[in-house]
Amino acid sequence: MSSETALAAEQRARGLTPFLRSQMRNIAPFLTLIFLSAFFAFASPSFATLDNLGNILTQVSVTGIIAVGLTFVILCAEIDLSIASIANVTGIAVAYFTLQESYVNIANIPLPGAVAILLSILLCALLGLVNALGLTLIGIPSFIMTLAMMQIAAGISALLVRGQIAYKVPSLITTLGSGSIGGIPWIVIVAAIMLLGGHLVLTYTRFGRYVYMVGGNREAAEYSGLNVKLILGAVMVISAVCSGIGGMLGVAHFGSAQQNEFDTYLLDSIAAVVVGGTSLFGGRGGIGNTIVGLFVLGVLNNGLDHVNIDSFLKILIRGLILLAALVINVYAQRLREKAAE
């Protein structure tokens with residue numbers, strides 16, 4: 001081999017390593033998805049079917065809707081712990097403003113369906129605005145601010161239903177949450193539209209670029225004249241509205257509105273974003289990563305049901321998967337920092 005050929009090979013090898021390092025956060029979740037899919041397909045003949053794929057898509061739809069807004073927040077290097085409580089209170093609110101059957105013991109306020117939906121969306125937007133003001137004007141860290149909002153939203157939910165269960169929601173919400181068209185559940189279609197919309201906003205709009213700038217280097221974004229507080233406030237409101245939409249459709253999908261119905265969606269939504277490869281440190285990732293994370297969680301949860309594994313072990317495995325994603329996330333951040341030195 002000539003010296004020129006050896007030199008070219010060495011340069012290619014050097015160029016490949018930084019690429020793999022920079023893409024590790026994206027490659028690892030995708031390889032995890034392939035491994036899990038192959039494993040469960042081998043372990044259970046009923047897993048790798050079109051019907052089961054439909055089940056997985058339906059199962060991750062509510063999480064996907066909520067995770068759209070959370071992706072915006074995490075890209076800004078913030079966190080929103082109130083998403084599940086806001087989803088719950090919005091779902092309860094839309095039922096609270098709907099005429100219930102006589103056997104439902106809730107002193108609610110029946111309103112026309114369109115008004116009930118509008119008021120519920122305004123409620124979740126208002127709660128998101130409170131998060132935004134606490135973060136940007138008062139300076140409360142998002143972890144603490146949204147932790148407080150989690151309790152506030154849970155308290156509002158308790159006041160509205162007082163331990164009772166409501167069942168009816170406006171017909172539009174019922175259709176989108178539990179209906180289907182051409183055999184495809186509407187809730188899957190809504191989740192796909194929202195994920196696509198989030199991707200387009202983050203990829204092709206000025207606001208999306210600003211989100212990445214704020215998450216990537218907040219000081220540089222401020223020095224460039226960007227209104228960082230406005231961006232941070234906007235993503236908190238977006239997160240709350242996405243959670244509210246997920247909550248309304250989730251209530252229709254599950255067939256009831258009650259306290260603590262969406263508690264598990266906090267961990268699920270954070271896991272979907274982080275497992276997919278979006279950086280907890282901000283500025284890296286996006287909706288594409290969130291979609292991969294949703295499929296990883298969906299395949300994992302569904303596959304464990306197909307192999308009849310112990311339900312308590314299932315929780316442990318999910319926790320270990322999340323821990324592995326966090327380790328990769330932090331390790332990838334350190335590699336990038338070393339490469340920048």
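Per an unreviewed UniProt entry, the protein is named ABC transporter permease, and its organism is Bradyrhizobium nanningense. Its UniProt record gives the protein a comment under Subcellular location (unreviewed entry), which states: "Cell membrane".

1. Describing the state of the cysteines
All told, the structure shown has zero disulfides when counted by the stated rule. Sulfur of Cys 124: no disulfide; nearest cysteine sulfur belongs to Cys 242 and is 9.0 Å away. Judged by relative accessible area, Cys 124 falls into the buried class, the value being 1%.

2. Thoughts on a nonpolar patch on the surface
Nonpolar side chains collect at one region of the surface, where Ile 109, Leu 111, Val 115, Leu 118, Leu 119 and Leu 122 lie side by side and expose about 470 Å² of accessible area between them. Positionally, Leu 118 belongs in helix α4 (residues 113-138).

3. What to know about unusual backbone geometry
The backbone phi angle of Ala 77 is positive, close to 65°, even though this residue is not glycine. Turning to its location among the elements, Ala 77 is positioned in the loop between α2 (50-75) and α3 (83-96). Note on Ala 77: relative accessible area 32%, which makes it partly exposed. Phi at Asn 260 takes a positive value of approximately 60°, unusual for a residue other than glycine. Structurally, Asn 260 can be placed in the loop between α10 (228-254) and α11 (265-275).

4. A closer look at the packing of helix α7 (residues 186-204) against helix α12 (residues 287-306)
One way to put it is that α7 packs onto α12 with a least axis distance of 9 Å and a crossing angle of 150°. By the angle class used here, α7 and α12 are roughly antiparallel. The segment α7 lies against α12, with Leu 195, Gly 198, His 199 and Leu 202 engaging Ile 287, Ile 291 and Leu 294. Considering only residue class, the contact of α7 with α12 consists of five nonpolar, two polar and no charged.

5. Looking at α12
Compared with an ideal rise of 1.5 Å per residue, which puts 20 residues at 28 Å, α12 spans 28 Å between its outermost C-alpha atoms and is within 8% of the ideal. Of all 20 residues in α12, 14 are buried; the element is thus mostly enclosed. Positive backbone phi, at 55°, marks Asn 308, one or two positions downstream of α12.

6. What to know about the nonpolar core
Within the largest apolar cluster, 80 residues are counted, with the highest numbers of intra-cluster contacts made by Ile 173, Val 211 and Val 214. Among the elements that line this core, the one with the most residues is α2, at twelve residues. The contact partners of Val 214, leaving out residues within four places of it in the chain, are Cys 76, Ala 221, Leu 226, Val 228, Ile 231 and Leu 232.

7. Observations regarding the packing of aromatic side chains
Scanning the model with the defined rule gives nine aromatic pairs in all. Seen from their ring centres, Phe 72 and Phe 207 are 6.3 Å apart, and the 25° between their planes marks the pair as stacked. Here Phe 72, found in helix α2, pairs with Phe 207, found in helix α8 (residues 206-216); they are 135 residues apart in sequence, far enough to count as distant. A residue is classified by how much of its surface remains accessible, and Phe 72, at 3% relative accessible area, is buried.

The rules behind the values
Residues numbered from 1 in each chain as written. Predicted model: local features only at pLDDT ≥ 70, side-chain atom pairs only at ≥ 80, totals over all residues. Heavy atoms only, no water. UniProt positions renumbered as here; feature names shortened; annotations may be inferred. Disulfide = S-S within 2.5 Å. Buried < 20%, exposed > 50% of the residue type's maximum accessible area, 1.4 Å probe, protein only. Patch = residues over 30% accessible without salt bridge, like charges linked within 9 Å, V, L, I, M, F, W, Y side chains within 5 Å. Areas by Shrake-Rupley, 256 points an atom, 1.4 Å probe, with all protein chains shown as cover. Salt bridge = Lys/Arg side-chain N within 4 Å of Asp/Glu carboxyl O. Helix = DSSP H or I, 4+ residues; strand = E, 2+ residues; numbered from the N terminus. Axes fitted to C-alpha atoms, helices over the stretch in contact; angles between N-to-C directions. Parallel < 35°, antiparallel > 145°, perpendicular 65-115°, else oblique. Contact = heavy atoms within 4.5 Å. Nonpolar A, V, L, I, M, F, W, Y, C, P; charged D, E, K, R; others polar. Expected span 1.5 Å × (residues − 1). Core = buried A, V, L, I, M, F, W, Y, C linked by side-chain atoms within 4.5 Å. Phe/Tyr/Trp six-rings, centres within 6.5 Å; stacked < 30°, edge-to-face > 60°.

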